[in-house]
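Observations on chain architecture
Each chain, letter by letter, is given below.
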Amino acid sequence: MRFFGTTWVRHDGGYGLRRVAVAAGSLAAAVAGCLVLRFAYQGLETARVGGFVNLLVIVTFAVCSAIAFRKTWEGFSRRSVDPAREESLRSLRMIGFIGALLAYFFRSLTEAPGEKLRRGEYEAAVVQYEKRRGARTGNPAARKKPKRK
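With respect to the overall build of the protein chain
Scanning the protein chain from terminus to terminus reveals seven helices and zero strands. What you see in the protein chain, going N to C, is helices and strands ordered as α-α-α-α-α-α-α. Taking all 149 residues of the protein chain together, the buried fraction comes to 23%. Partitioning the contacts of the protein chain with sequence separation of at least 6, the portion at a separation of at least 24 is 75%. Accessible surface computed for the protein chain: about 10,900 Å², of which carbon and sulfur atoms make up 63%.

Dropping the structure here:
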């Protein structure tokens with residue numbers, strides 16, 4: 001929701017254009033990240049560290065990217081119940097940043113990332129507000145007070 005402001009509420013103010021820009025930007029960042037990882041892998045090949053280390057690096061980035069994708073995707077549809085656990089996974093998400101960027105890209109093809117979650121919270125808040133607002137009738141100071149006998 002970082003790039004959308006309040007345009008996601010009514011899908012106005014360039015919402016569609018912002019979604020296209022976010023999708024293109026996250027895909028471009030993921031491609032750039034892949035290129036950086038490719039250069040790092042070439043550095044390992046040049047250093048001739050061995051097949052085991054090369055395989056370990058590939059598996060590490062693949063697993064971290066898969067976990068980051070899953071956690072980012074889940075974060076678009078529900079709030080975390082354990083913030084401490086999410087904090088402990090932050091370094092894993094940083095290693096698997098390509099997965100997180102791809103999750104952002106795929107979600108932005110259908111909606112603003114996190115829009116479904118925020119829309120549910122927003123609609124619940126509006127209903128609660130209307131309920132509270134409807135319970136009030138007029139100015140309480142203007143009400144006649146019952147006389148004591």
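What to know about the packing of aromatic side chains
Using the criterion set out here, one finds four aromatic pairs in the structure. Taken together, the aromatic side chains of Phe69, Trp73, Phe105 and Phe106 make up a single cluster linked through ring pairs. Over the face of the ring belonging to Trp73 we find Arg107, whose NZ or CZ atom lies 4.4 Å from the ring centre.

Things to note about the environment of Glu87
With respect to the helices and strands, the residue Glu87 is situated in helix α4 (residues 83–88). In terms of polar contacts, Glu87 uses its side chain to reach the side chain of Arg90, at 2.8 Å.

Points about the environment of Ala24
Structurally, Ala24 can be placed in helix α2 (residues 15–47). Using a relative accessible area of 45% as the deciding quantity, one classes Ala24 as partly exposed. With 81 residues separating them along the chain, Ala24 and Phe105 place their C-alpha atoms 7.5 Å apart.

Quick notes on the side chain of Thr72
Considering the arrangement of structural elements, one finds Thr72 in helix α3 (residues 51–75). Thr72 has contacts with Arg93, Ala100 and Ala103, leaving out every residue within four places of it along the chain.

Section: the environment of Leu101
For Leu101, the position within the fold is in helix α6 (residues 97–108). Its relative accessible area of 23% is what places Leu101 among the partly exposed residues. As a C-alpha pair, Leu101 and Leu27 span 74 residues in sequence and 6.9 Å in three-dimensional space. For Leu101, the contacting residues outside a window of four places in its chain are Ser26, Ala29 and Ala30.

Things to note about a nonpolar patch on the surface
On the surface, Leu27, Val31, Leu35 and Phe39 cluster together into a nonpolar patch covering about 390 Å² of accessible area. Looking at the element boundaries, Leu35 is found in helix α2.

Rules behind the numbers
Residues numbered from 1 in each chain as written. Predicted model: local features only at pLDDT ≥ 70, side-chain atom pairs only at ≥ 80, totals over all residues. Heavy atoms only, no water. Helix = DSSP H or I, 4+ residues; strand = E, 2+ residues; numbered from the N terminus. Buried < 20%, exposed > 50% of the residue type's maximum accessible area, 1.4 Å probe, protein only. Contact = heavy atoms within 4.5 Å. Areas by Shrake-Rupley, 256 points an atom, 1.4 Å probe, with all protein chains shown as cover. Phe/Tyr/Trp six-rings, centres within 6.5 Å; stacked < 30°, edge-to-face > 60°. Lys NZ or Arg CZ within 6 Å of the ring centre and 35° of its normal. Polar contact = N/O pair within 3.5 Å; in protein donor to acceptor, adjacent residues only side chain to side chain. Patch = residues over 30% accessible without salt bridge, like charges linked within 9 Å, V, L, I, M, F, W, Y side chains within 5 Å. Salt bridge = Lys/Arg side-chain N within 4 Å of Asp/Glu carboxyl O.

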